[in-house]
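Here's the letter readout for the chains.
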Amino acid sequence: MSDLEHHFEATIAADHRIEPRDWVPDGYRKTMIRQIAQHAHSEIIGMQPEGNWITRAPSLRRKAILLAKVQDEAGHGLYLYSAAETLGADRGELTEMLISGRQKYSSIFNYPTLTFADVGVIGWLVDGAAICNQVPLCRSSYGPYARAMIRICKEESFHQRQGYELLLTLMRGTEAQRDMVQDAVNRWWWPSLMMFGPPDDASPNTAQSMAWKIKRHTNDELRQRFVDMSVPQAEKLGVTFPDPDLKWNAERGHYDFGAIDWSELKRVISGDGPCNAERIENRRRAHEDGDWVREAAIAHAAKHSSKAA
Ligand code: FAQ
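Predicted, not measured: the structure shown is a model, and the values here were computed from it. (Residues numbered from 1 in each chain as written. Predicted model: local features only at pLDDT ≥ 70, side-chain atom pairs only at ≥ 80, totals over all residues. Heavy atoms only, no water.)

Engineer: Which parts of the structure should I look at to understand the nonpolar core?
Structural biologist: Within soluble globular proteins, side chains that are nonpolar tend to cluster in buried spots. By size, the foremost hydrophobic cluster in this structure holds 48 residues, and its most contacted members are Trp124, Val181, Trp188, Trp189, Phe226, Val239 and Phe241. Listed by contribution, the elements that provide at least two residues to this core are helix 4 (60-85), helix 6 (117-134), helix 7 (143-171), helix 8 (175-194), helix 10 (219-237) and helix 11 (262-272). If sequence neighbours within four positions are ignored, tryptophan 124 has contacts with Gln160, Gly163, Tyr164, Leu167, Val185, Ser230, Gln233, Ala234, Leu237, Val239 and Phe241. Counting 26 residues, the second largest nonpolar core, distinct from the first, contains Ile33, Ala148, Ile152 and Trp212. (Core = buried A, V, L, I, M, F, W, Y, C linked by side-chain atoms within 4.5 Å. Buried < 20%, exposed > 50% of the residue type's maximum accessible area, 1.4 Å probe, protein only. Helix = DSSP H or I, 4+ residues; strand = E, 2+ residues; numbered from the N terminus. Contact = heavy atoms within 4.5 Å.)

Engineer: Explain the environment of methionine 47 to me, please; I cannot follow it from the model alone.
Structural biologist: Secondary-structure assignment places methionine 47 in helix 3 (residues 47-51). Placed 248 residues apart in sequence, methionine 47 and glutamate 295 show a C-alpha to C-alpha distance of 24 Å. With sequence-adjacent residues up to four places away left out, methionine 47 is seen in contact with Val70, Glu73 and Ala74.

Engineer: What is the right way to look at the site of the ligand in this model?
Structural biologist: Residues in close proximity to the ligand total 34 residues, the closest being Gln38, Lys104, Ser203, Lys215 and Asn219. Within the contact set of the ligand, an oxygen atom lies 2.7 Å away from a side-chain nitrogen or oxygen of serine 203. Starting from 1,100 Å² of accessible surface for the ligand in isolation, the protein chains cover 91%. Counting only elements with at least two residues in the shell around the ligand, the list comes to helix 2 (26-45), helix 4, helix 6 and helix 7. In terms of residues, the shell around the ligand owes the most to one element, helix 2, which gives 6 residues. Here the shell around the ligand is built from residues that sort into 12 nonpolar, 13 polar and 9 charged. (Near = heavy atom within 4 Å. Polar contact = N/O pair within 3.5 Å; in protein donor to acceptor, adjacent residues only side chain to side chain. Areas by Shrake-Rupley, 256 points an atom, 1.4 Å probe, with all protein chains shown as cover. Nonpolar A, V, L, I, M, F, W, Y, C, P; charged D, E, K, R; others polar.)

This is how it looks when you write it as structure tokens:
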């Protein structure tokens, strides 16, 4: 084993952080870029479902909250692209890979937001699942990613609470508003469970990512944690999850839940979800519309550096 390899292995074994200056195996770099890029793309594409409701938020307060949340997501995306750049990735290339379908983003953002209750349910369940997945990533072995996660998780906690508070308000409203919340929960529950990825026995990356301490828990462990956390929150809210098999298992000390339709996750990841084409088309248009901004920024930087020289 070379000195460089030894340093890498020792850093992982000691639970220290790998930094951009450190040598890493190609596989580690590739996996880290894939995960960070997929995460960044998810934040950026994830602005669309809720962005859909900014102009129709029912009050100035709700609009201000939603605007702030969607702006936070843009910030998370940019922050994560910067982390990917520390591994040698090029931000422009990552965007190209996203809009040409060569890189993935989270399946969850391919579902439509049909009513304002969806905004609350995304905050509660989608941000809730994101936090469950991302808190352990604060201890991920790659320093810039782990540090990005600390700030991102703090903001996701605010997102989760605004969603839950929105739903509590709707549940105190009319019968029609309560029905709207239950309908949104019925549509988002299963896709939220799919956010954690395929089951462990069908997850090609988990074993290596756990060995490299990129991931700290398996997909199924985090999914179970999310279910256990969500059931009491649903009871407090007064809604049910659309799963007749969901019940407490005293022996395991966890909730049992029904079978997930993995064919749906496969379909949505491979581009055939309800909104995939629309999400990518919007992203492509926004990127092309932004061409002149990037050109102007480059021209400005060139002018600045030639003046300084
Ligand atoms: N959707 O072997 P595994 C947010 C892919 S939160 C799409 O298990 P891994 C906040 C996977 O990449 C959402 N693709 O993979 C927000 C792999 O692809 P490959 C984003 C999925 O990496 C809230 C293949 O399937 N969060 O944005 C999905 O070990 C509200 C095989 O899977 C993150 O990205 C999926 N659900 O584990 C924003 C967190 N699941 O190799 C706006 C960081 C799996 O074939 C509003 N990422 N795939 O190219 C992770 O923790 C991991 O990457 C997992 C997947 C757990 C997602």
